[in-house]
Amino acid sequence: MVSIKGGRKRLLTGVVSAVAAGLAVGAFALSGTASGASGRAESAGKHTKPTVVLEHGAFADGSSWNGVIAELRADGYPVVAAANPLRGPASDASALRTVLDHVKGPKVLVGHSYGGNVISQAATDDPQVKALVYVAAFLPAPGESALELTNKFPGSTLPDALDPVTYEQAGGGTATDLYIQQDKFRQQFAADVPARQAALMAAAQRPVAQAALEEKAASAAWETIPSWNIVTTRDLNIPAAVQRFMAKRAHSHTTEVAASHSVAVSHPRLVSDVIERAARATTR
């Protein structure tokens, strides 16, 4: 996603230990009970809607999907908002797969920002994932990293807004977590979100491991699973040109909107509409 420059010392990266699979299951938030809803519908002989599984990205948490969850639930979709450890695409995908395995039946998998890396790997070879939806997100091909893709075209101002924190790892060595400076958060990440709400988001942001942004993708589920893409044209994290390049390469059904990187917060109805379009097209 970023390269740290502008006078900042490029801090030492490291591969952070994989997060225990059980953590993901314990941490994900359920909005509605997918298994219960499925059972009731089956007993009534009705077709069930797929479960929508949401994966947040860097500098955010599951609450960033709250508006989208409300819209989806109002339209009858069971929803799970997974907790993304933000440690690396491979280990984060493993954590997400524990959630996918727990939710039975067809699923639509949605990723925001760095979460796009994660869903692309987690959905690989999973026949129950019927559609992928990328929301201002990365769609790396195997061998590509978020950092590499961000720098493919100019326009990201994220490097100068970062607040890197280096820490000692339990097993020895150091690693670096990346935050966005709170006084720059709204302009950089959520310019079209009300100031008070953006301030809360800044205070609650979760850091991403710098190593996660440099880790290369191992697989790309969008090569075999139909995808939808929301391109944010006022995005200062992932330039719109980068998003368009990835969406075109993946043959995604693409919607463009004049929005910031936090489009799920500022335009929840639009995001839920695209998700529901993907669900209807692939789970009839």
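Scroll up to find the structure this text is about.
A few points on the structure. Owing to the predicted nature of the structure, the values given are computational and were not obtained by experimental measurement.

Okay, the side chain of Q121 next. Inspection of the secondary structure puts Q121 in helix α5 (residues 115–122). Aside from chain neighbours lying at most four places away, what touches Q121 is P89, A90, A93, R97, A217, A218 and S219.

For strand β2 (residues 51–55), the tally of buried residues reaches 5 of 5 residues, placing the bulk of the element in the interior. Relative to strand β4 (residues 107–112), β2 runs parallel, the two being bridged by 5 bridges. Opposite L54, over in β4, you have V110 as the bridge partner. Across 4 bridges, the pairing between β2 and strand β3 (residues 79–82) is parallel. Looking across to β3, one finds that V52 is bridged to V79.

Once that is clear, we can look at the environment of A83. Mapped onto the elements, A83 comes out in the loop between β3 and α4 (89–102). A83 gets classed as partly exposed once you look at its relative accessible area, which sits at 26%. Between the C-alpha atom of A83 and that of A95, which follows or precedes it by 12 residues, the distance is 8.7 Å.

Moving on, we come to helix α12 (residues 268–282). The terminal C-alpha atoms of α12 lie 21 Å apart, and with 15 residues this matches the ideal 21 Å at 1.5 Å per residue to within 8%. Of all the residues in α12, the buried ones are P268, V271, S272, V274, I275, E276, A278 and A279.

Taken as a whole and assessed by the stated rule, the structure comprises 3 aromatic pairs. Ring centres of F59 and F189 lie 6.2 Å apart, and the angle between their planes is 85°; on these two criteria the pair is classed as edge-to-face. Of the two residues, F59 sits in the loop between β2 and α3 (66–74) while F189 sits in helix α7 (residues 182–189), which places them 130 residues apart along the sequence. The two residues F59 and F189 agree in class, both being buried. Cluster of aromatic residues (ring-pair linked, three or more members): F59, F185 and F189.

Okay, the side chain of K107 next. Along the polypeptide, K107 turns up in strand β4. One buried charge, K107, has no salt-bridge partner; the nearest side chain with opposite charge is D126, at 5.4 Å. Here G105 takes part through its backbone oxygen, which lies 2.8 Å from a polar atom of the side chain of K107. Among all residues touching K107, those that are not within four sequence positions of it are P50, T51, V53, L100, Q128, V129, K130 and A131.

Let's shift gears to unusual backbone geometry. Even without being a glycine, A136 presents a positive backbone phi close to 45°. Relative to the elements of secondary structure, A136 occurs in the loop between β5 (129–135) and α6 (146–150). A relative accessible area of 0% places A136 in the buried class. Phi angles above zero are rare outside glycine, and H251 is one such case at about 55°. For H251, the position within the fold is in the loop between α10 (240–249) and β10 (253–257). Judged by relative accessible area, H251 falls into the exposed class, the value being 69%.

Quick notes on the rules
Residues numbered from 1 in each chain as written. Predicted model: local features only at pLDDT ≥ 70, side-chain atom pairs only at ≥ 80, totals over all residues. Heavy atoms only, no water. Helix = DSSP H or I, 4+ residues; strand = E, 2+ residues; numbered from the N terminus. Contact = heavy atoms within 4.5 Å. Buried < 20%, exposed > 50% of the residue type's maximum accessible area, 1.4 Å probe, protein only. Pairing = 2+ DSSP bridges. Expected span 1.5 Å × (residues − 1). Phe/Tyr/Trp six-rings, centres within 6.5 Å; stacked < 30°, edge-to-face > 60°. Lys, Arg positive; Asp, Glu negative; His and termini not counted. Salt bridge = Lys/Arg side-chain N within 4 Å of Asp/Glu carboxyl O. Polar contact = N/O pair within 3.5 Å; in protein donor to acceptor, adjacent residues only side chain to side chain.

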